[in-house]
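Tertiary structure, described
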Amino acid sequence: MKMTIVFNSYPRVDVVDPYERSAEYLDLMMAGAWRSLAPALTALLHEVKAQAGPVVDLGAGTGRGVAAICAALPGDDPVLAVEPSAAIRAVLLARVHDAPELRRRVTVLAEDTAHASLPEGLRAIVALNMLGHLPPAERRALWAGAAQQLALGGDLIVNVSPPVRPERVPRTRMATATVGRLHYEGWASAEPSGDDEITWRMDYRVLRDGLALSEVTVDYRWWVASERELAEEAAETGLVMRPAGDPVLGLHILTRQGE
C-alpha cells in the first residue's frame with residue numbers, strides 16, 4: 001500500500017508542544033507532499049460555490065496551505081491562519097511576512113479549533129493533515145462549528161489518511177531533502193495506543209557525507225476514524241461528506257445538506 005505521511009502541526013494549547021523539538025524539519029519534510037496537495041486544493045477551492053467571505057486554514061502549519069489558498073482565490077477576502085504551535089507559527093509568520101500578497105491578506109492566529117475566534121459567513125474552511133490531532137469530541141465540535149460558520153455554498157475541505165484503525169505502521173522513510181552539504185531525513189512509525197488512537201513516532205535525522213550529525217525523535221497522539229465514521233459524525237450536524245480528487249490524497253469536501 002502506498003502511503004504518504006504528512007503532518008501539519010496541531011498540538012492543543014494546554015499541553016506541551018512537541019513541535020518545539022521538530023519545527024526546524026517540518027517544512028522541509030512537507031515540501032514534496034505539497035507539490036501534489038497544492039494543485040489538488042486549488043481545484044477544490046475553484047469548485048466552492050460561495051463567491052466571497054473569509055477563508056480559514058485550521059492547523060496552518062508552516063503556511064504552504066495558506067500560500068495555495070491565496071494563489072487559488074486572488075482578491076481581497078481575508079485568510080485566517082490558525083496555528084497553536086509557537087515553534088511552527090514562527091515559520092508561518094515569516095512566510096506570510098516575506099510575501100506581499102500574503103502579508104496583505106493573511107492574519108495568523110495563535111489558537112486551536114476548540115478556541116479559535118472565527119467569524120460566520122466563511123467562504124471555505126481548510127483543515128488538512130490535522131483531523132487526527134483532534135479527540136472525537138473536538139472533531140465533532142469542528143463539524144458543528146463549520147455547519148454554523150460556513151456561508152451558503154461554502155465548503156469544509158479535509159483529508160483522511162491511513163491508518164483508519166488502531167494498528168501498527170512499520171517504520172517508513174516519509175521524506176528527504178538536501179540543503180547545502182547537509183541531508184535531512186524524516187522517518188515515521190506508529191503503534192496502537194487506545195481504542196481509537198495510535199501514537200506516531202517521528203524520527204528526524206541530519207547527515208553529512210552519510211554520517212549522522214543529529215537525530216530528534218518526537219511522539220504524537222493521533223485519533224483514527226474511518227471515512228464512514230467521519231461522514232456519520234458530520235451528518236449529525238447537517239454536513240454531507242464526499243471524496244474529491246485523487247483518492248491517494250484522501251481529500252474530502254463537506255457541505256451543508258441541501259446546498
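Below is a summary of the structure that appears in this document.

Conventions used here
Residues numbered from 1 in each chain as written. Predicted model: local features only at pLDDT ≥ 70, side-chain atom pairs only at ≥ 80, totals over all residues. Heavy atoms only, no water. Core = buried A, V, L, I, M, F, W, Y, C linked by side-chain atoms within 4.5 Å. Buried < 20%, exposed > 50% of the residue type's maximum accessible area, 1.4 Å probe, protein only. Helix = DSSP H or I, 4+ residues; strand = E, 2+ residues; numbered from the N terminus. Contact = heavy atoms within 4.5 Å. Polar contact = N/O pair within 3.5 Å; in protein donor to acceptor, adjacent residues only side chain to side chain. Salt bridge = Lys/Arg side-chain N within 4 Å of Asp/Glu carboxyl O. Pairing = 2+ DSSP bridges.

Moving on, we get to the nonpolar core. With 28 residues, the main nonpolar core has Leu41, Leu45, Val66, Val106 and Ile157 as its most contacted residues. Residue assignment for this core shows that the elements contributing at least two residues are α1 (23–47), α2 (64–72), β2 (79–82), α3 (86–98), β4 (122–127) and β11 (251–256). Here this core takes 7 residues from α1, the largest share from any one element. Excluding residues that lie within four positions of it along the chain, isoleucine 157 makes contacts with Leu41, Leu44, Leu45, Ile125, Val126, Ala127, Leu128, Leu251, His252 and Ile253. Of all hydrophobic cores here, the second largest spans 27 residues; its members include Leu80, Leu131, Leu142 and Leu230.

What follows concerns the side chain of serine 85. Mapping serine 85 onto the fold places it in the loop between β2 and α3. A distance of 2.7 Å separates polar atoms of two side chains, one belonging to serine 85 and the other to aspartate 17.

Under the definition given, this model contains 17 salt bridges. The shortest N-O distance in the salt bridge between aspartate 27 and arginine 64 comes to 3.1 Å. Of the two residues, aspartate 27 is situated in helix α1 and arginine 64 in helix α2; the sequence distance between them amounts to 37 residues. The partner of arginine 173 in a salt bridge is glutamate 185, with the nearest N and O atoms 3.6 Å apart. Highlighted residues: arginine 173 in strand β6 (residues 169–179) and glutamate 185 in strand β7 (residues 182–194), separated in sequence by 12 residues. A relative accessible area of 8% places glutamate 185 in the buried class. Sharing partners across several salt bridges, the network here consists of Asp76, Glu101, Arg104 and Arg105.

Of the strand pairs in this sheet, β6 and β7 are connected by 8 bridges, and their pairing is antiparallel. Of the residues in β7, the one forming a bridge with threonine 176 is glutamate 185. The turn joining β6 and β7, which pair antiparallel and follow one another in sequence, is formed by 2 residues; a positive phi near 60° is taken by glycine 180.

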